[in-house]
Amino acid sequence: MSAISREEVAHLARLSRLAVTEEELDTFAGQLDVILQAVARVGEVAAADIPPTSHSVPLTNVLRDDVVVPGLTRAEALSGAPDSEEDRFRVPRILDEDEPPSPRGEGPAEGNA
Amino acid sequence: MSTTVLPSYDDVVERYAPVIGLETHVELGTKTKMFCGCPTDFGGEPNTRVCPVCLGLPGSLPVANKAAIEATIRIGLALNCSIAPWSRFARKNYFYPDMPKNYQISQYDEPLCVDGWLDVEIVGEDGQPELFRVGIERVHLEEDTGKTLHVGGATGRIHGATESLVDYNRAGIPLVEIVTKPIPGTGAKAPIVARAYVTELRDVVRSLGVSDVRMEEGSLRCDVNTSLSPAGSAEWGTRTETKNVNSLRSVERAVRSEMLRQAAVLDTGGRIVQETRHFHEDTGDTTSGRSKETATDYRYFPEPDLVPLAPDPAWVADLKAALPELPRLHRRRLQQDWGLNDHDMQSVLNAGAVELIEQTVAAGTTPAGARKWWLGELSRRANEAGVELSAVGATPAQVAELQKLVDAGKLNDKLARTVLEGVVAGEGSPSEIMAARGLEVVSDTGALTTAVDEAITANPDIAAKVRDGKVAAAGALVGAVMKSTRGADAKTVRSLILSRLGVEG
């Protein structure tokens, strides 16, 4: 059984905003399947008493004090931007989204200023 | 919507049972952002409070702010939550430029605080306080997003906009999200329970001193979930999530309007779609936002750049021991100290006068004296001006001073009101105003005598008539003094004038 379906690849491509052709969907589904099958082999040796690893180093509670540290100047901050206007990063408007996925819920329905 | 005839509210709550739920975001008042040392103060020039971490530049690494973790644990403890012995941050991936990383660092299945409750008091139909226990599902920590501004397009309208301009000053400010469990069983009281919950939550967070929790400035924001099921049904209905609810009053209105809307849909055989709706302050209505059926898949996964949190139980115990008295219990104690019955205490609460009276009493006057001014004259003026009582123009210290002057017999009630008028107008402290206007009951002559002498000198004809026994003519002199002193006590002025002119009143 294949580890990832063509539909899932299409879904991932949409989430990543990648324009993937029908042909590429077939190719990627096959390639990703091989990768996922390989990774799935780890699951075969994982015992119930071994929790999934998210961090390779056993560290917890790395915190910093609430102290202001100088950051970038505005010129520095904007220097890497493809474009800027009114001291802000200028990016193409996301027009075809019927819903802004932002947690703020700002976007097409509101948030104009 | 406009073609649908809404049923009456009473009718709706007779036939349907609402279930509500609230998700509240609180912006913490830490000095720095959640994962970097950029300052958080409000109102900087765009993109001046940013660094490689909050701009998501390659190679930068976030480190969690200890003060934010502590504040979140304290909120959790105040809401009777368990503090997770092990907790992780997660990436919430989405495609929108308000976060430069293309994801928000949040918490997913391992929040810091879980399973608590908050007792919320409302006024029952019999006028007695009624307690609702609102279950708290979770309290977790995440980061706020940047601000987007949409520009361009021929019409200049939002839907014609072609570009977004982004300011990342706000991106990365710590946000605490507090999620309730579903709240069934509130019936017709659902809207006021929702409002009472957010009010109480705000007061709790404020008492902890971890946020200024101002809804109008967006440091406290609320999403309201509402569903209806037929009365007596064991199953809950499909819920909607209303966003953009930006005041306590709107919380109440949003629940109510959503109950009415859903009932109208259900009455005509329709089905409620699980969706996000937007609340409109001006109309009190909600309109459809995005449908959850096509909702984004956030692809949560543990944040690899941050190590897990494992709060030391001893630290948590210390934080718990140091929690301040909770607002509801604090109010209960004040009510006893002030000797008020439930009804009178409710009036104080409704007027938003609890803290003001508390501070006035602390400034050295009696609870009764403090309450009289704040609930009487000052509430009246606040209502007239359409402002909050705290913004009426008098401070607790001034009110306490005023009442002390009354208690000392220097002002009677009527004169005190005149003095208060001066305080509100910004003329100074009660003592200063009393002296300047010559309002003291037992006149110290001084300023008032000078004003009287000036009036006599300026009106020799009238003064002569009064000396000749035409006492009634003194009225014009009284008027002149009242005018020059901007409202001295007429009786005092009159007797002063008569005695200066050698006539017995």
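It should be emphasised that the depicted structure is a prediction, and the values quoted were computed from it without experimental measurement.

### Considerations on empty space enclosed by the protein
Residues and elements named next belong to chain B.
Thinking step 1. Across all of its chains, the model carries three cavities of 30 Å³ or more by this definition.
Thinking step 2. In this model, the largest cavity occupies a volume close to 120 Å³.
Thinking step 3. Elements represented by at least two residues in the lining of the largest cavity include exactly β6 (113-123), α6 (327-338) and α7 (342-350).
Thinking step 4. Here the residues of the lining of the largest cavity are counted per class, giving four nonpolar, four polar and five charged.
Thinking step 5. In terms of domain composition, the lining of the largest cavity takes at least three residues from each of domain 1 (9-298) and domain 2 (331-416).

### Examining the environment of B:G124
Thinking step 1. One can find B:G124 in the loop between β6 and β7 (129-143).
Thinking step 2. As a C-alpha pair, B:G124 and B:K189 span 65 residues in sequence and 8.9 Å in three-dimensional space.

### Some words on the interface of chain A and chain B
Thinking step 1. Taken together, the contacts link 49 residues of chain A with 72 residues of chain B.
Thinking step 2. Of the roughly 5,400 Å² buried at the junction of chain A and chain B (both faces included), carbon and sulfur atoms supply 57%.
Thinking step 3. Applying the counting rule to chain A against chain B returns two salt bridges.
Thinking step 4. A salt bridge links B:E163 to A:R90; its shortest N-O distance comes to 2.9 Å.

### Brief notes about the packing of aromatic side chains
All names here are of chain B.
Thinking step 1. Tallying each qualifying case throughout the model produces four aromatic pairs over all chains.
Thinking step 2. Residues Y108 and Y300 carry aromatic rings whose centres are separated by 3.9 Å and whose planes lie at 10° to one another, so their mutual orientation is stacked. Here Y108, found in the loop between β5 (103-106) and β6, pairs with Y300, found in the loop between β14 (286-291) and β15 (301-302); they are 192 residues apart in sequence, far enough to count as distant.
Thinking step 3. Ring centres 6.0 Å apart and planes at 65° place the aromatic pair Y298 and Y300 in the edge-to-face group.
Thinking step 4. On the basis of relative accessible area, Y300 is assigned to the partly exposed category, the value being 27%.
Thinking step 5. Joined through ring pairs, the aromatic side chains of Y108, Y298 and Y300 make up one cluster.

### Re the pairing of β7(B)
All names here are of chain B.
Thinking step 1. As paired strands, β6 and β7 are joined by 10 bridges and run antiparallel to one another. Residue pairing for β7: C113 is matched across the bridge by V139.
Thinking step 2. Two successive antiparallel strands, β6 and β7, enclose a turn made up of five residues, where G127 displays a positive phi of approximately 85°.
Thinking step 3. Of the pairings in the sheet, the one linking β7 to strand β10 (residues 174-180) comprises seven bridges and is antiparallel in character. Bridged to E143 within β10 is P174.

### Observations regarding the sheet that holds strand β8 (residues 147-151) of chain B
Thinking step 1. Taking strand neighbours across the sheet as the criterion, the four strands line up as β2(A)-β3(A)-β9(B)-β8(B) in an open arrangement whose pairing is antiparallel. At either margin of the open sheet sits one strand with a lone partner, and together these are β2 (84-85) of chain A together with β8 of chain B.
Thinking step 2. Direction of pairing for β2(A) relative to strand β3 (residues 88-92) of chain A: antiparallel, over a ladder of two bridges. Each bridged residue has a counterpart across the sheet, and for A:E85 the counterpart in β3(A) is A:R88.

### Regarding helix α11 (residues 396-407) of chain B
All names here are of chain B.
Thinking step 1. Under the 1.5 Å per step criterion, the end-to-end length of α11 is 16 Å for 12 residues, consistent within 8% with the ideal 16 Å.
Thinking step 2. Where α11 is concerned, the buried positions are P396, V399, A400, L402, Q403, L405 and V406.
Thinking step 3. Residues of α11 that are buried sit in contact with α8 (354-362), α9 (367-375), α10 (377-385), α12 (413-424) and α13 (430-437).
Thinking step 4. Downstream of α11 by a residue or two, G409 has a phi angle that is positive, lying close to 80°.

### Comments concerning helix α3 (residues 190-208) of chain B
One turn of the α-helix equals 3.6 residues, which is why residues spaced by three or four share an orientation.
Residues and elements named next belong to chain B.
Thinking step 1. For α3, which comprises 19 residues, the first-to-last C-alpha distance of 27 Å matches the rise-based estimate of 27 Å (1.5 Å per residue) to within 8%.
Thinking step 2. Along α3, 14 of the 19 residues are buried, which leaves the element largely enclosed by surrounding structure.
Thinking step 3. G209 sits one or two positions beyond α3 and adopts a positive phi of about 70°.

### Looking at the environment of B:R206
Residue and element names in this part refer to chain B.
Thinking step 1. When you line up the elements, R206 lands in helix α3.
Thinking step 2. For R206, a relative accessible area of 36% puts it in the partly exposed group.
Thinking step 3. In this structure, the C-alpha to C-alpha distance between R206 and P327, residues 121 residues apart in sequence, is 9.2 Å.
Thinking step 4. Excluding its chain neighbours within four sequence positions, the residues that come into contact with R206 are S211, V213 and E355.

### Looking at the sheet that holds strand β4 (residues 90-93) of chain B
All names here are of chain B.
Thinking step 1. Read from one edge of the open sheet, three strands run β5-β4-β15, paired in antiparallel fashion. Unpaired on one side and paired on the other, β5 and β15 mark the two borders of the sheet.
Thinking step 2. One ladder, built from four bridges, connects β4 with β5; its direction is antiparallel. Following the sheet pairing, K92 is matched in β5 by Q104.

### Quick look at the layout of surface pockets
All names here are of chain B.
Thinking step 1. Space inside the largest pocket adds up to approximately 2,000 Å³.
Thinking step 2. Classifying every residue of the lining of the largest pocket by side-chain character gives 18 nonpolar, 13 polar and 17 charged.
Thinking step 3. Split by domain, the lining of the largest pocket shows at least three residues from each of two domains, domain 1 (9-298) and domain 2 (331-416).

### Digging into the pattern of salt bridges
Where charged atoms from two side chains of opposite charge approach closely, those side chains can pair.
Residues and elements named next belong to chain B.
Thinking step 1. Applying the stated criterion to the full structure yields 47 salt bridges over all chains.
Thinking step 2. One salt bridge connects R500 with D453, and the closest N-O pair in it is separated by 2.6 Å. Separated by 47 residues along the polypeptide, R500 in helix α17 (residues 490-500) and D453 in helix α14 (residues 446-458) bring together distant segments of the chain.
Thinking step 3. Accessibility expressed as a relative area gives 44% for R500, which makes it partly exposed.
Thinking step 4. Each of E200, R202, D203, R206, R331 and E355 takes part in salt bridges that share partners, so that together they form one network.

### Quick word on the nonpolar core
All names here are of chain B.
Thinking step 1. Among the nonpolar cores identified, the biggest contains 86 residues, and I75, F89, I178 and Y197 are the most heavily contacted of them.
Thinking step 2. Counting residues per element, this core draws most heavily on α3, which supplies 10 residues.
Thinking step 3. Dropping the residues within four chain positions of it, Y197 is found in contact with L22, T24, L118, V120, V134, I136, I178 and T180.

### Structural notes on the confidence of the model for chain B
Thinking step 1. Per-residue confidence for chain B gives a mean pLDDT of 89, with 95% of residues at or over 70.
Thinking step 2. Note on the complex model: pTM 0.79, ipTM 0.84.

The rules we used
- Residues numbered from 1 in each chain as written.
- Chains lettered and ligands numbered in written order.
- Predicted model: local features only at pLDDT ≥ 70, side-chain atom pairs only at ≥ 80, totals over all residues.
- Heavy atoms only, no water.
- 1 Å grid on protein atoms, 1.4 Å probe; cavity = no way out; pocket = protein on both sides within 12 Å on 5 of 7 lines; lining within 4 Å.
- Points joined across faces, edges and corners; volume = space filled by probe spheres on them.
- Helix = DSSP H or I, 4+ residues; strand = E, 2+ residues; numbered from the N terminus.
- Nonpolar A, V, L, I, M, F, W, Y, C, P; charged D, E, K, R; others polar.
- Domains from an automatic or database assignment.
- Contact = heavy atoms within 4.5 Å.
- Buried area = accessible area lost by both parts, 1.4 Å probe.
- Salt bridge = Lys/Arg side-chain N within 4 Å of Asp/Glu carboxyl O.
- Phe/Tyr/Trp six-rings, centres within 6.5 Å; stacked < 30°, edge-to-face > 60°.
- Buried < 20%, exposed > 50% of the residue type's maximum accessible area, 1.4 Å probe, protein only.
- Pairing = 2+ DSSP bridges.
- Expected span 1.5 Å × (residues − 1).
- Core = buried A, V, L, I, M, F, W, Y, C linked by side-chain atoms within 4.5 Å.
- pLDDT = per-residue confidence, 0-100.

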